[in-house]
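A closer look at the structure
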Amino acid sequence: MNTQRTMNRQTMGRQTIRGAVLYGPRDIRFEEREAPRIVEPTDAILRLSATCICGSDLWPYRGISPVAEPTPMGHEYCGIVEEVGKAVKSLRPGQFVIGSFATSDNTCAHCGYGYQSSCVHREFMSGAQAPVLRVPLADGTLVATPELPPADMIPSLLTVSDVLGTGWFAAVAADVQPGKTAVVVGDGAVGLLGVLAAKQLGAERVIAMSRHPARQQLAREFGATDIVTERGDAGVARIKELTKGVGADAVLECVGTQESMLQAIHATRPGGSVGYVGVPHGVELNGEDLFYTHVRLHGGPAPVRRFLPELIELVWSGKINPGRVFDLTLPLDQVAEGYRAMDERRAIKVLLRP
Ligand SMILES: [Zn+2]
């Protein structure tokens, strides 16, 4: 640790940082709070290189998921290990690491089965829209890059933490295979990276559903072969038309509304699969309708930890450039403007520089 900094902290007494805190609908503040520190011996403290705003942050921001008390926001992160607890074995200060939005021991039965986001010791991260972050279960949650990354790679590495990992899980859960036809419902950042994932997993045809020109353009860049602008039943009809009346083999549901979920299920062929990663809000499925669709459903909070080594390698080797999904970069102290830009759909995804 830097001696000068240590002295300054001692002079100031209690260490503080400034980060994003949500107080209520559309009331996000950048304010001082106590600096994270090692609490458990399995913790690590990271100095973040970049963080960002997630589509799922908009649910509480819009008041759709109410917050009971002022809540530190942010769960996507990457940065330099500053300090580790006594029990941390695999990491050391100075390494660049990326972790999932869900912590995991990476040793329990669920972790061993590839479902680290259902780890028996799982905690959902928050407070990452800040310069410093405490990560519990550091050994099982964080993965280090081979070396310190070049600055221009950091946005792509940051996507691995959630938005790419989640889009990737949507494609895996939808059983995208070489030669198959995939449909992506949702043109937010997760959907766009779902397009990238489907392409990487070998889909021959990737149909993106979007009515926004800038998002359509990015979808094409990530590998979309077709764009469908219709929604709901009209969207389903268009998918049927494009697949000779059959429906798609694999559908990635990346929104979480009743309309998007039904659109996904009805666009899938009998025997096909829907991978759903949009956090459901008011989704209710009719058992009998579902029974006759013959469609497989699999989804949930993405076990990003399962994919971290593979996705870091794809970014590191330059095979993918998912950081393209950030179309607005702001200093962290302008986080409120970042939320507004995403809420008003002026930005696809906002990167924040601490
Ligand atoms: Zn576990």
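Rules behind the numbers
Residues numbered from 1 in each chain as written. Predicted model: local features only at pLDDT ≥ 70, side-chain atom pairs only at ≥ 80, totals over all residues. Heavy atoms only, no water. Helix = DSSP H or I, 4+ residues; strand = E, 2+ residues; numbered from the N terminus. Buried < 20%, exposed > 50% of the residue type's maximum accessible area, 1.4 Å probe, protein only. Contact = heavy atoms within 4.5 Å. Donors = N, O, S within 2.8 Å, 3.2 Å for Na, K, Ca; no water. Tetrahedral: all angles 85-135°; square planar, octahedral: opposite > 155°, others 65-115°. Pairing = 2+ DSSP bridges. Axes fitted to C-alpha atoms, helices over the stretch in contact; angles between N-to-C directions. Parallel < 35°, antiparallel > 145°, perpendicular 65-115°, else oblique. Left-handed = near helix turned anticlockwise from the far one by under 90°. Nonpolar A, V, L, I, M, F, W, Y, C, P; charged D, E, K, R; others polar. Salt bridge = Lys/Arg side-chain N within 4 Å of Asp/Glu carboxyl O.

Structural notes on the side chain of T159
Counting through the fold element by element, T159 comes out in helix α5 (residues 154–160). Accessibility expressed as a relative area gives 0% for T159, which makes it buried. Non-local contacts of T159, meaning those with residues more than four positions away in its chain, are made with L164, G165, L193, P322, G323, V325 and F326.

Thoughts on the coordination of the zinc ion
Listed as protein donors to the zinc ion are D105 (OD), C108 (SG), C111 (SG) and C119 (SG); their distances from the metal cover 2.1 to 2.3 Å. Given 4 donor atoms and angles of 95 to 123 degrees at the metal, the environment of the zinc ion is assigned as tetrahedral. Judged by its relative accessible area of 4%, C111 is buried.

Let's talk about the sheet that holds strand β14 (residues 296–299)
Taken in spatial order, the 6 strands line up as β11-β10-β9-β12-β13-β14 in an open sheet, and their pairing is parallel. What marks the edges here is a single partner per strand, and that holds for β11 (226–228) and β14. The sheet shows a mean angle of 20 degrees between the axes of neighbouring strands, direction not considered. As paired elements, strand β9 (residues 181–185) and strand β12 (residues 248–253) share 4 bridges and run parallel to each other. Its bridge partner being in β12, V183 is matched across the sheet by V251.

Topic: the packing of helix α6 (residues 163–173) against helix α7 (residues 189–200)
Relative to each other, α6 and α7 sit at 55 degrees, their axes nearing to 7 Å. Taken together, α6 and α7 sit at an angle that is classed as oblique. Crossing hand, α6 versus α7: right-handed. Where α6 abuts α7, its residues V163, L164, T166, G167, W168 and A171 lie against A189, V190, L193, G194, L196, A197, A198 and Q200. For the contact of α6 with α7, a count of residues per class yields 10 nonpolar, 4 polar and no charged.

Looking at the side chain of S260
Along the chain, the position of S260 falls in helix α10 (residues 258–267). With residues near it in sequence (within four places) discarded, S260 still touches V185, E253 and V255.

Thoughts on the pattern of salt bridges
Taken as a whole and assessed by the stated rule, the structure comprises 17 salt bridges. The closest approach of N and O atoms between K349 and E76, which form a salt bridge, is 3.2 Å. Placement of K349 in the loop between α13 (335–343) and β16 (350–353) and of E76 in the loop between β4 (71–72) and β5 (77–84) is noted, with a sequence separation of 273 residues between them. For the pair K349 and E76, one class covers both residues: buried. Here the salt bridges do not stand alone but share partners, grouping E337, R340, E344 and R346 into one network.

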